[in-house]
Amino acid sequence: MRPPRRPSGVQAAEPAPDVLALADALPRQLRLGTSSWNFPGWAGLVWDGPYAEAKLSKEGLAAYARHPLLRTVSLDRAFYRPLSASQYAHYAAQVPDDFRLLVKAPSLVCDALVRAEDGRGMAPNAGFLNADLAVREFIEPVLQGLGNRAGALVFQVSPLPRAWLGRLPELIERIGALLAALPPLLPAAPDGVIALEVRDAAFLAPEHAPLLAQALRAAREASGNPVTYCLGLHARMPPIEDQLPLLRALWPGPLVARWNLHRRHGAFGYEAAKAQYEPFDQLVDEDPETRRELARVAAAVTQAGYAAHITINNKAEGSAPLSVRALAEQVVMSGQR
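Draft legend 1. Highlighting the environment of Pro50. Tracing the backbone shows Pro50 in the loop between strand S1 (30–35) and helix H2 (53–59). Placed 39 residues apart in sequence, Pro50 and Gln11 show a C-alpha to C-alpha distance of 10.0 Å.

Draft legend 2. Representation of the environment of Gly176 within the structure. Note on placement: Gly176 falls in helix H9 (residues 168–180). Residues Gly176 and Leu101 lie 75 residues apart in sequence; the distance between their C-alpha atoms is 24 Å. Excluding residues that lie within four positions of it along the chain, Gly176 makes contacts with Ala215 and Ala219.

Draft legend 3. Local environment of the packing of aromatic side chains. For the structure on display, the rule yields 9 aromatic pairs. With 5.6 Å between their ring centres and 85° between their planes, Phe39 and Phe280 make a pair best called edge-to-face. Of the two residues, Phe39 sits in the loop between S1 and H2 while Phe280 sits in the loop between helix H12 (270–277) and helix H13 (288–303), which places them 241 residues apart along the sequence. On the basis of relative accessibility, which here comes to 5%, the residue Phe280 falls in the buried class. Cluster of aromatic residues (ring-pair linked, three or more members): Phe39, Trp42, Trp47 and Phe280. In this structure, Lys104 is placed above the aromatic ring of Phe79, and the distance from its NZ or CZ to the ring centre is 4.6 Å. Seen from the ring of Trp164, Arg167 lies directly overhead, with NZ or CZ sitting 4.1 Å from the centre.

Draft legend 4. Focus on the sheet that holds strand S2 (residues 72–75). Pairing within the closed barrel is parallel, and its 8 strands lie in the order S1-S2-S3-S6-S7-S8-S9-S10. Shown here is a sheet whose adjacent strand axes are inclined to one another by a mean of 25°, direction ignored.

Draft legend 5. Summary view of the side chain of His262. Examined against the element boundaries, His262 turns out to sit in the loop between strand S9 (255–259) and H12. You can call His262 buried: its relative accessible area is 8%. Within the structure, the side chain of His262 is placed 3.3 Å from the backbone oxygen of Asp285, a separation counted as a polar contact. Excluding its chain neighbours within four sequence positions, the residues that come into contact with His262 are Ala235, Tyr277, Asp285, Glu286, Asp287, Lys315 and Ala316.

Draft legend 6. Representation of the packing of H9 against helix H10 (residues 209–223) in the model. Running from amino to carboxyl end, H9 crosses H10 at an angle of 20°, the nearest separation of the two axes being 8 Å. In this view, H9 runs roughly parallel relative to H10, as classed from their interaxial angle. Taken as a pair, H9 and H10 cross one another with a handedness that is right-handed. For the pair H9 and H10, the contacting residues are Pro169, Ile172, Gly176, Leu179 and Ala180 in the first and Leu211, Leu212, Ala215, Leu216, Ala219, Ala222 and Ser223 in the second. Split by residue class, the contact of H9 with H10 holds 10 nonpolar, 2 polar and no charged.

Draft legend 7. Examining helix H1 (residues 17–25) more closely. All of the buried residues in H1 are Val19, Leu22 and Ala23. Buried residues in H1, looked at end-on, bunch into an arc of 100°, giving them a common side. Seen from the open side of H1, the exposed residues pointing more than 90 degrees away from its buried face are Pro17 and Asp24.

Draft legend 8. Main features of the packing of helix H5 (residues 85–92) against helix H7 (residues 131–145). With their axes 7 Å apart at the nearest point, H5 and H7 run at an angle of 40° to one another. Between H5 and H7, the angle is such that the two are oblique. Crossing angle aside, the handedness with which H5 passes H7 is right-handed. Contacts from Ala85, Tyr88, Ala89 and Ala92 of H5 reach H7 at Phe138, Pro141, Val142, Gln144 and Gly145. When grouped by side-chain class, the residues that make up the contact of H5 with H7 number 7 nonpolar, 2 polar and no charged.

What counts, and at which threshold
Residues numbered from 1 in each chain as written. Predicted model: local features only at pLDDT ≥ 70, side-chain atom pairs only at ≥ 80, totals over all residues. Heavy atoms only, no water. Helix = DSSP H or I, 4+ residues; strand = E, 2+ residues; numbered from the N terminus. Contact = heavy atoms within 4.5 Å. Phe/Tyr/Trp six-rings, centres within 6.5 Å; stacked < 30°, edge-to-face > 60°. Buried < 20%, exposed > 50% of the residue type's maximum accessible area, 1.4 Å probe, protein only. Lys NZ or Arg CZ within 6 Å of the ring centre and 35° of its normal. Pairing = 2+ DSSP bridges. Axes fitted to C-alpha atoms, helices over the stretch in contact; angles between N-to-C directions. Polar contact = N/O pair within 3.5 Å; in protein donor to acceptor, adjacent residues only side chain to side chain. Parallel < 35°, antiparallel > 145°, perpendicular 65-115°, else oblique. Left-handed = near helix turned anticlockwise from the far one by under 90°. Nonpolar A, V, L, I, M, F, W, Y, C, P; charged D, E, K, R; others polar. Arc of directions from axis to C-beta.

Right, dumping it as structure tokens:
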């Protein structure tokens, strides 16, 4: 007798009972997820078996979204080139109604420089922080294509050239003006959040952080959108405990956090982390301090009735799905205290 034929396409791993129980214990306003989904090493964690990276990239999102703990994902490819409404609609069609995508605004708007393929800055970017461009190339296609599946929309300002670092008050004013000019996310995206992520610690200096908080509050009032600061947990930035004062200055409001890289790696340590952590099937460098602080903030935000969107990269601790599970356990413990 022939064995049953395996279904075509990427299939999800069967969730264990304790994972299902953990998902049920989490606040519904909390959405945890990872940075992308095309990792063969997640076999047994997210996938039912081994699949090629190309197949996962093309067909894996629907299976990813069936994992009970994974209710968001970071669509990082939107940063490198603007996506169309039809491309966003293609992603929306693959996930359930309660799933939300975290989407990065394109570098066309968020990078002060036009860069070569190797990341080297070649010339000033004329579209940097252009509100009309942001609406046309990002917000409108997202709302048209994702609709209610749009979650956190993140404007990640790339590392700045030295000339701009000397003009941060002017730049903060321009960032505030951009975010204030964005159209309402309602009613198309009822869970949509606008978040600013930065990659220069100078924004958090005592002379600049109050200006940034003021600009984000003003943008929140002017646009009517939930505008917040994204906790960018990256080796280029201070640890989470040093970023929380800015978030507190914006309280009350939602939480957006992207845990990208373990603090033990330097500012340019992505490749080193990748080499150490592949195939991303186990926790290699656990970071209990970051996990504990992030869980505490997520529990507080959701208990107050606000949404929390958190994505984790494989390079944070070694395996993003396992980091999500560990963070979920910590959130449950934090909420019980």
